[in-house]
Amino acid sequence: MQKIENWSNRELAAQCVVARIDTDKFFDDNSYYEQVIGLIRKGIGGFCVFQGNTKIVKQMIEHLQSISNVPLIFMADFENGLQMRLEDGTSFPHALALGVGKDADMTRKVASAIAKEAKELGIDWNLAPVCDINSNPRNPIINIRSFGSEPALVAEHSNAYINGSQSEKAVASAKHFPGHGDTATDSHIELPILDKSLSELQSIELVPFREAINCGVKSIMVGHLLVPQLDPDLPASLSKIIIGDVLKGKMGFDGIVLTDALDMESVANKYASNVIATMALDAGNDIALMPREPNEAIDGLADELRRSPQLRQKAIKSVEKIYALKRFCGLIPSFAKPEAAPNTWIKHLNLALQAAIGGVVSRCPLESLPIDTSKQFAAFAILQNDVDMQAASRFFTMLAQATENDCDFGYIDTSIDANEIDRFKQGVSDADFIIFAIFARGRAYQGSIELSEKLVEIVDGIASGRKAYIIIFGNPYIKKELPSKNIIYAHSDSFPSLAAAIMTLTGRQFHE
């Protein structure tokens, strides 16, 4: 192979760009397929995987690796398992549930299991763990993705996650440097402001990142955050001061640095793709992640490499690090798919449930649990912020199986009117008690996680003074006064967390 220092400017530029790839379109849309193949002909470094099922993802990756001259690296956001981005794979509880469980070794096992499943598909880079400290309860995007609100606890579980991933030769990525936790803005929409000095950051936000570096994390993702006391002009992801002076200089990180997704509106609406990749590399990033127009990003960066020998040297060093990372993953000298171990994913289901049980916290008086399933009860799913209906439907199915009771189920959101509320009240008039499952958590592009005052009033109205159990799947920081003393916090809305909450509710025990 030709020495990297002798590569063309376009080859260097392409290796420093990772594009989004939507698996569900790859085999069915000829135009989209040709776009992807065109990026491979340019020598793109890799792809970030979204959509589709594990079978199709694996087929796609094997196909693309077979036609690429340089082994591609595939990455994905699998923070709590493959189902965060794909249709199947094992779903694990979110980070907050793991942090609540206070078992760092469990976090390591979970990360290892996720890494094994990812690598079986050919995905060698998990964009996790989230090292942000969730110190702002109103944060609309971090929330249950964080291990907690204490720096030491977040650092401990982040390091466990890193060790679990990288023990399987899957790259971990500590994110979102220098810390997205103490913000109340979704960086998918607007640029959050973290108005703290370096000394303030060092005592809280930077603690998990500092520990991650000491732990040997292979990559760090820099967030789209404005830290005006460090750089009043540019987001951290594009700042020489924050990446060069702080992360690489003061903190001594010499691994791969990559931006958060460059198609997020907070930066994409301000900087064109043919400019933003150059800004990213010049700031100290090695990889420009998911620009809106990857072809324009590669071409724009290649043009700048021709004009700037200094920037070209940065690109050469970045590509050398990217190649070293591909060797670590086993992609170089050649891509080879790992063989799936028999029954691996079945074992992971038990692990996921164990982890979820550790993350359930009951605030019910002892005499209130388990519920008396011989009595008539009704159950409602409270939905907010376009929450995925699948989780609520699964909850009802599992609750019916666990109680063997012919109970009434219903869905409630803010669109409900007074007549519907009355119908619900009449329909459950014979119920001895009512279960409310609240599905409300931070999601990209929704902007807020506050529980609607109207939903609280609806719950109060339907309960009508009867005994009520409230299970919170997701955001545990809901401040509204909930009309019940019987509250269970699952700290996640993943499949195993649904099961763990129902086990708590019904008094069932885990048996391996």
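Everything quoted here is computed from the prediction, not taken from an experiment.

A short note on the overall build of the chain
Within the chain, the regular secondary structure consists of 19 helices and 14 strands. In terms of overall size, the chain behaves like a compact globule, its C-alpha atoms giving a radius of gyration of 24 Å where 512 residues would be expected to give roughly 24 Å. Taking the principal axes of the C-alpha coordinates as reference, the chain spans close to 80 × 50 × 40 Å. Per-residue burial for the chain yields a buried fraction of 59% across its 512 residues. Residue pairs in contact within the chain that sit at least 24 positions apart in sequence constitute 80% of those at least 6 positions apart.

Overview of the sheet that holds strand β4 (residues 125-126)
The sheet built from eight strands is open, its strands ordered β7-β6-β5-β4-β3-β2-β1-β8 with parallel pairing. Each edge of the sheet is formed by a strand with only one pairing partner; in this case those strands are β7 (256-259) and β8 (288-289).

Concerning the packing of helix α13 (residues 294-307) against helix α14 (residues 309-329)
Contact geometry for α13 and α14: axes closest at 5 Å, N-to-C directions at 120°. As the angle between them shows, α13 and α14 are arranged oblique. Crossing handedness for the pair α13 and α14: left-handed. On α14, the residues that touch L301, E304, L305 and R307 of α13 are P309, L311, R312 and A315. When grouped by side-chain class, the residues that make up the contact of α13 with α14 number five nonpolar, no polar and three charged.

Comments concerning the sheet that holds strand β11 (residues 408-412)
Sheet architecture is open: six strands sit in the order β9-β14-β13-β12-β10-β11, paired in mixed fashion. Since the sheet does not close on itself, it has two edges, and those belong to β9 (361-362) and β11, each with one partner. Relative to β11, strand β10 (residues 377-383) runs parallel, the two sharing five bridges. Bridging across to β11, I382 finds its partner in I412. Running at roughly 165° to β10, helix α16 (residues 389-403) makes contact with β10, β11, β12 (433-440) and β13 (467-474) of the sheet.

A short note on a negative patch on the surface
A surface patch of like charges, here negative, comprises D24, D28, D29 and E87. When its relative accessible area of 58% is taken as the criterion, E87 is described as exposed.

With respect to unusual backbone geometry
Note the cis peptide between A128 and P129, where omega equals 15°. Position of P129 among the secondary structure elements: in the loop between β4 and α7 (151-166). Positioned with a positive phi, S464 is a non-glycine residue whose angle comes to about 50°. Examined against the element boundaries, S464 turns out to sit in the loop between α18 (453-463) and β13. The class of S464 is partly exposed, set by a relative accessible area of 45%.

Cut-offs applied
- Residues numbered from 1 in each chain as written.
- Predicted model: local features only at pLDDT ≥ 70, side-chain atom pairs only at ≥ 80, totals over all residues.
- Heavy atoms only, no water.
- Helix = DSSP H or I, 4+ residues; strand = E, 2+ residues; numbered from the N terminus.
- Rg over C-alpha atoms; globule rule 2.2 N^0.38 Å.
- Buried < 20%, exposed > 50% of the residue type's maximum accessible area, 1.4 Å probe, protein only.
- Contact = heavy atoms within 4.5 Å.
- Pairing = 2+ DSSP bridges.
- Axes fitted to C-alpha atoms, helices over the stretch in contact; angles between N-to-C directions.
- Parallel < 35°, antiparallel > 145°, perpendicular 65-115°, else oblique.
- Left-handed = near helix turned anticlockwise from the far one by under 90°.
- Nonpolar A, V, L, I, M, F, W, Y, C, P; charged D, E, K, R; others polar.
- Patch = residues over 30% accessible without salt bridge, like charges linked within 9 Å, V, L, I, M, F, W, Y side chains within 5 Å.
- Areas by Shrake-Rupley, 256 points an atom, 1.4 Å probe, with all protein chains shown as cover.
- Salt bridge = Lys/Arg side-chain N within 4 Å of Asp/Glu carboxyl O.
- Lys, Arg positive; Asp, Glu negative; His and termini not counted.
- Charge placed at Lys NZ, Arg CZ, Asp CG, Glu CD.

So, to be careful, I would describe these as geometric facts and stop short of saying anything about function.
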